Amino acid sequence: MLWLCLQRDNLLGGIPKKAKAESLQQEEKITKLLYKDYSTFKSALWQDLCTNHPEHDKLQLYKKTQKLLDRFLFVLFSEDKGLLPPNSCAASWTSGASLMNWTSTGRSTNGARSISVG
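Remember, predicted model here, so these are calculated numbers, not experimental data. (Residues numbered from 1 in each chain as written. Predicted model: local features only at pLDDT ≥ 70, side-chain atom pairs only at ≥ 80, totals over all residues. Heavy atoms only, no water.)

So, on to the overall build of the protein chain. Summing up its helical and strand segments, the protein chain has 6 helices and 2 strands in all. The order of α-helices and β-strands along the protein chain, N terminus first, is α-α-α-α-α-α-β-β. With the model as given, the accessible surface of the protein chain reaches about 9400 Å², and the carbon-plus-sulfur share is 60%. (Helix = DSSP H or I, 4+ residues; strand = E, 2+ residues; numbered from the N terminus. Areas by Shrake-Rupley, 256 points an atom, 1.4 Å probe, with all protein chains shown as cover.)

Moving on to the environment of Leu 59. Topologically, Leu 59 is positioned in helix 4 (residues 58–80). Classification of Leu 59 by relative accessible area gives exposed; the value is 51%. Considered as a pair, Leu 59 and Trp 46 are 13 residues apart in the sequence and their alpha carbons are 9.7 Å apart. (Buried < 20%, exposed > 50% of the residue type's maximum accessible area, 1.4 Å probe, protein only.)

With that settled, consider the packing of helix 3 (residues 15–52) against helix 4. Helix packing for two helices is described by the angle between their axes and how far apart those axes are. Remark: helix 3 packs on helix 4, axes separated minimally by 9 Å, with the N-to-C direction vectors making an angle of 135°. Considering the angle they form, helix 3 stands oblique to helix 4. Both helix 3 and helix 4 take part in a crossing whose hand is right-handed. Judged by residue contacts, Tyr 38, Phe 41, Lys 42, Leu 45, Trp 46, Leu 49 and Cys 50 of helix 3 engage Lys 58, Leu 61, Tyr 62, Thr 65, Gln 66, Leu 68, Leu 69, Asp 70 and Leu 73 from helix 4. Considering only residue class, the contact of helix 3 with helix 4 consists of 11 nonpolar, 2 polar and 3 charged. (Axes fitted to C-alpha atoms, helices over the stretch in contact; angles between N-to-C directions. Parallel < 35°, antiparallel > 145°, perpendicular 65-115°, else oblique. Left-handed = near helix turned anticlockwise from the far one by under 90°. Contact = heavy atoms within 4.5 Å. Nonpolar A, V, L, I, M, F, W, Y, C, P; charged D, E, K, R; others polar.)

What follows concerns the confidence of the model for the protein chain. With 71% of its residues at a pLDDT of 70 or more, the protein chain has an overall mean of 78. Here residues 110–118 is modelled with pLDDT under 50, and outside its nearest four sequence neighbours on either side it reaches 22 contacts, counting other chains as well. (pLDDT = per-residue confidence, 0-100.)

Right, let's talk about the packing of aromatic side chains for a bit. Applying the stated criterion to the full structure yields 1 aromatic pair. Judged by centre distance (5.8 Å) and plane angle (90°), the rings of Trp 46 and Tyr 62 are edge-to-face. Of this pair, Trp 46 sits in helix 3 while Tyr 62 sits in helix 4, and the two are 16 residues apart along the sequence. (Phe/Tyr/Trp six-rings, centres within 6.5 Å; stacked < 30°, edge-to-face > 60°.)

On to helix 4, then. End to end, helix 4 covers 33 Å across 23 residues, agreeing with the expected 33 Å (1.5 Å per residue, within 8%). Every buried residue of helix 4 is accounted for by Leu 61, Thr 65, Leu 69, Arg 71, Val 75, Ser 78 and Glu 79. Count one or two residues on from helix 4 and you reach Gly 82, which has phi positive near 80°. (Expected span 1.5 Å × (residues − 1).)

Okay, the side chain of Ser 78 next. Along the chain, Ser 78 falls in helix 4. Ignoring sequence-local partners within four residues, the contact set of Ser 78 consists of Leu 83 and Leu 84.

Structure (structure tokens):
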């Protein structure tokens with residue numbers, strides 16, 4: 001791709017600029033689709049919680065839904081960056097959700113407190 005962009009005729013013909021513009025358009029399209037899927041999922045999760053737990057305040061359930069999703073996103077991001085081992089969410093789920101507790105309170109390692117999302 002670099003060679004294609006730096007080739008004289010392509011450079012003078014504006015190919016790199018066109019490629020960048022197309023890339024930005026695709027990025028925006030993907031971002032919008034991702035947010036739409038996320039929003040739909042969050043709404044469905046909240047509706048399910050409201051239906052199955054009518055005794056709880058809907059605003060409180062909404063806040064808890066957002067907090068849960070934020071924590072999952074944090075863990076998945078941490079996995080992608082190599083800060084956590086792969087499949088930490090699944091492992092945590094089967095081991096009593098200790099990972100979710102760590103994202104709230106931090107995890108003590110060698111006497112130091114690690115980051116948390118509270």
